[in-house]
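Each chain, written out:
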Amino acid sequence: MTASMLDSAIPGVQVLRPYSPGKPLSELEREYGISDAVKLASNENPLGPSVAVLDALRGGFDALARYPDGNGFDLKAALAERHTVTTDQVTLGNGSNDVLELVARAFLSPQTSAVFSAHAFAVYPIVTQAIGAQARVAPAGDGRRGPAFGHDLDAMREQVDADTRVVFIANPNNPTGTWLPGAALRAFIEAMPENLVVVIDEAYFEYVDEADYPDTSQWLDDFPNLLVTRTFSKAFGLASLRIGYGISQPGLADVLNRVRQPFNVNSFAQLAACAALEDSDHLARAIKVNRAGMAQLTNGFDSLGLSYIPSVGNFISVDVGRDPGEVYEALLHEGVIVRPVDNYGMPGYLRISIGLEDENRRCLEALGKVLA
Ligand SMILES: Cc1ncc(COP(=O)(O)O)c(C=O)c1O
């Protein structure tokens, strides 16, 4: 794009930096002449989808020339049953990112603001500024007020003013892996005005095993302004199909539905998601592999003398103690892709997704070599 086209964009877009995805495996292998690289950069499920999902996908080919079910009848029914809600409370998205964008499009304007935390998921500033709305960023926790690097709910409350229409909270948050307990989160939502949408982004919900970690989908009856988002990209292993959803009271879902593109979720994604919901064994395996991999990586970091932010997700941010850009590059030469998070205001840190045992071992060996 020429400079003059950028000058014509709305001010919020002019200052945006595009979302930077992890380097694809194929690109690394091509550039560095490597054949067995491992990618631990995008918080994907290293097991991939279940056999049941692959079988279900075969059923989609006959209808390839048809538009998908724009109302997502079967998937909404399955999700409604799972969450004990009605189908008119479910909003399907092309990934949960799509649902986050629907919220911004429906509720934000250049006259209003969205509140989120420092180090919060990168899509919150993108969807906010793309509308031209003001992004009000609360300072992160310090270990006393909110978890270190995590969300400080008091600081977030202080950022909310009469113009705020959306608050984004990731629980747990990416890339910090920090999480908020139920009582504090509920008190926060109770304190919010009803004309403001509180988004609780639970993309990593399935991985969390903390006693105080809330399932906020259980609170929907109490809050007309609460939207809970979930995804099939992580624990369910369907990242490439792009499928996520929001659940809320019907009034909020109706608003989101008005700005949704007619066929935003393709038929393969709908088939796969239905099959994935039924395969609880595969989900349990994914959670088990993640737990073992998290222990493997944190033990490895301890042995290397590296500090890290304790994480309840399927990734962990580690302080490499020197220029993370250099460490990232050196790891690429070892065939290991991770993610620098300086764009999240976390200089010095690399985020590493939990992989299979061998992949984690490769990563730790490469880190040890690069940092020696
Ligand atoms: C906190 C958080 N929310 C939402 C998403 C979006 O995931 P998807 O659009 O694949 O559902 C991600 C993906 O990395 C995430 O980390």
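These remarks concern the structure in this document. Just so it is clear, the structure is predicted and the values come from calculations on it, not from any experiment.

## Section: the overall build of the protein
For step 1, the next point in the chain: When you go through the protein residue by residue, the secondary structure sums to 14 helices and 13 strands.
For step 2, the next point in the chain: Here the C-alpha atoms of the protein give a radius of gyration of 20 Å, agreeing with the 21 Å that 2.2 N^0.38 yields for 372 residues.
For step 3, the next point in the chain: Principal axes of the C-alpha set define a box for the protein whose edges measure 55 × 50 × 50 Å.
For step 4, the next point in the chain: Counting only residues that meet the buried cut, the protein has 53% of its 372 residues in that class.
For step 5, the next point in the chain: Looking at the protein as shown, the accessible area adds up to about 16,400 Å², and 51% of this sits on carbon and sulfur atoms.
For step 6, the next point in the chain: Counting 29 positive and 46 negative side-chain charges, the protein places the centres of these two groups 3 Å from one another.

## Comments concerning the pattern of salt bridges
For step 1, the next point in the chain: Inspection of every chain in the model, using the stated rule, returns 17 salt bridges.
For step 2, the next point in the chain: A salt bridge links Arg136 to Asp161; the shortest N-O distance between them is 3.5 Å. Here the residue Arg136 occupies a position in strand β4 (residues 134-138), and Asp161 occupies one in the loop between α8 (153-159) and β5 (164-170), the gap between them amounting to 25 residues.
For step 3, the next point in the chain: We classify Asp161 as partly exposed; its relative accessible area is 32%.
For step 4, the next point in the chain: Here the salt bridges share partners, and the residues they tie into one network are Arg145, Asp152 and Glu158.

## Regarding the nonpolar core
For step 1, the next point in the chain: By size, the foremost hydrophobic cluster in this structure holds 53 residues, and its most contacted members are Leu75, Val167, Ile169, Ile189, Phe232 and Ile243.
For step 2, the next point in the chain: No other element matches the eight residues that helix α11 (residues 267-278) contributes to this core.
For step 3, the next point in the chain: Residues Ile34, Val338, Ile354 and Leu371 belong to the second largest nonpolar core, which totals 29 residues.

## Points about the site of the ligand
For step 1, the next point in the chain: All residues in the neighbourhood of the ligand are listed as Gly95, Ser96, Asn97, Phe121, Asn174, Asp201, Ala203, Tyr204, Thr231, Ser233, Lys234 and Arg242.
For step 2, the next point in the chain: For the ligand, an oxygen atom lies 2.6 Å from a polar atom in the side chain of Tyr204.
For step 3, the next point in the chain: Here Ser233 contributes a side-chain N or O atom positioned 2.6 Å from an oxygen atom of the ligand.
For step 4, the next point in the chain: Coverage of the ligand by the protein amounts to 95% of the 400 Å² it exposes when considered alone.
For step 5, the next point in the chain: Along the lines of polarity and charge, the residues of the shell around the ligand split into three nonpolar, six polar and three charged.

## A closer look at the pairing of strand β13 (residues 349-353)
For step 1, the next point in the chain: Among the five residues that make up β13, five are buried, leaving the element largely enclosed by the rest of the structure.
For step 2, the next point in the chain: In terms of strand pairing, strand β10 (residues 315-319) meets β13 through five bridges, oriented antiparallel. Residue pairing in the sheet places Ile316 in a bridge with Ile352 of β13.
For step 3, the next point in the chain: Note that strand β12 (residues 339-340) and β13 share two bridges and pair antiparallel. Following the sheet pairing, Pro340 is matched in β13 by Leu350.

## Quick word on the packing of helix α12 (residues 280-304) against helix α14 (residues 357-371)
For step 1, the next point in the chain: Their axes nearest at 10 Å, the elements α12 and α14 cross at an angle of 15°. Here α12 lies roughly parallel to α14, going by the angle between them. Considering how the two elements wind past one another, α12 and α14 form a crossing that is right-handed. Touching Gly293, Gln296, Leu297, Gly300, Phe301 and Leu304 of α12 are Glu357, Asn360, Arg361, Leu364, Leu367 and Gly368, all from α14.

## Topic: helix α4 (residues 51-58)
Residue pairs three or four apart in sequence face the same way in an α-helix, which turns once every 3.6 residues.
For step 1, the next point in the chain: Buried residues of α4: Val53, Ala56 and Leu57, and no others. Buried residues in α4, looked at end-on, bunch into an arc of 100°, giving them a common side. Away from its buried face by more than 90 degrees, α4 exposes Val51 and Arg58.
For step 2, the next point in the chain: The inward-facing, buried residues of α4 contact α11.

Cut-offs and rules
Per chain, residues are indexed from 1 in the order of the written sequence. A pLDDT threshold of at least 70 governs which residues receive local features in this predicted model, and a stricter bar of 80 or more applies before side-chain atom pairs are shown or counted, although totals over entire chains, interfaces and linings include all residues. Derived side-chain values reflect all non-hydrogen atoms in the structure, with water molecules and hydrogen atoms excluded from consideration. Only runs of H or I of at least four residues qualify as helices and only runs of E of at least two qualify as strands under DSSP, and these elements are numbered from the N terminus. The size measure is the radius of gyration over C-alpha atoms, and the globule rule it meets is 2.2 Å times the number of residues to the 0.38 power. Exposed residues in this analysis have more than 50% of their type's maximum accessible area, buried residues have under 20%, and partly exposed residues fall in between, with area computed by a 1.4 Å probe over protein chains only. Where accessible areas are quoted, they stem from the Shrake-Rupley method and a 1.4 Å probe; at the residue level, only the protein chains shown are allowed to cover. Charge counting treats Lys and Arg as positive and Asp and Glu as negative, with His and both chain ends excluded. The atoms used to mark charge sites are NZ of Lys, CZ of Arg, CG of Asp and CD of Glu. The term salt bridge refers to a pairing of a side-chain nitrogen on Lys or Arg with a carboxyl oxygen on Asp or Glu at a separation within 4 Å. Grouping buried Ala, Val, Leu, Ile, Met, Phe, Trp, Tyr and Cys residues that are joined through side-chain atoms within 4.5 Å yields what is termed a nonpolar core. The near set for a molecule or strand comprises every residue that places at least one heavy atom within 4 Å of it. Each polar contact in these results corresponds to two N or O atoms within 3.5 Å; when the atoms are within protein, one needs to be able to donate a hydrogen and the other to accept it, and residues that are neighboring in sequence are counted only if both atoms are side-chain atoms. Only Asp, Glu, Lys and Arg are considered charged, only Ala, Val, Leu, Ile, Met, Phe, Trp, Tyr, Cys and Pro nonpolar, and every remaining residue, Gly among them, polar. Pairing between two strands requires that DSSP report at least two bridges joining them. Lines are fitted to the C-alpha atoms to define the axes, a helix being fitted only along its stretch in contact, and any angle between axes, read from their N-to-C directions, falls within 0 to 180 degrees. Small angles under 35 degrees read as roughly parallel and large ones over 145 as roughly antiparallel, with 65 to 115 read as roughly perpendicular and the rest as oblique. In a left-handed crossing the near helix is turned counterclockwise from the far helix by less than a right angle, and in a right-handed crossing that turn is clockwise. In what follows, a contact means two residues having at least one pair of non-hydrogen atoms within 4.5 Å. Our arc is simply the arc of the directions from the helix axis toward the C-beta atoms.

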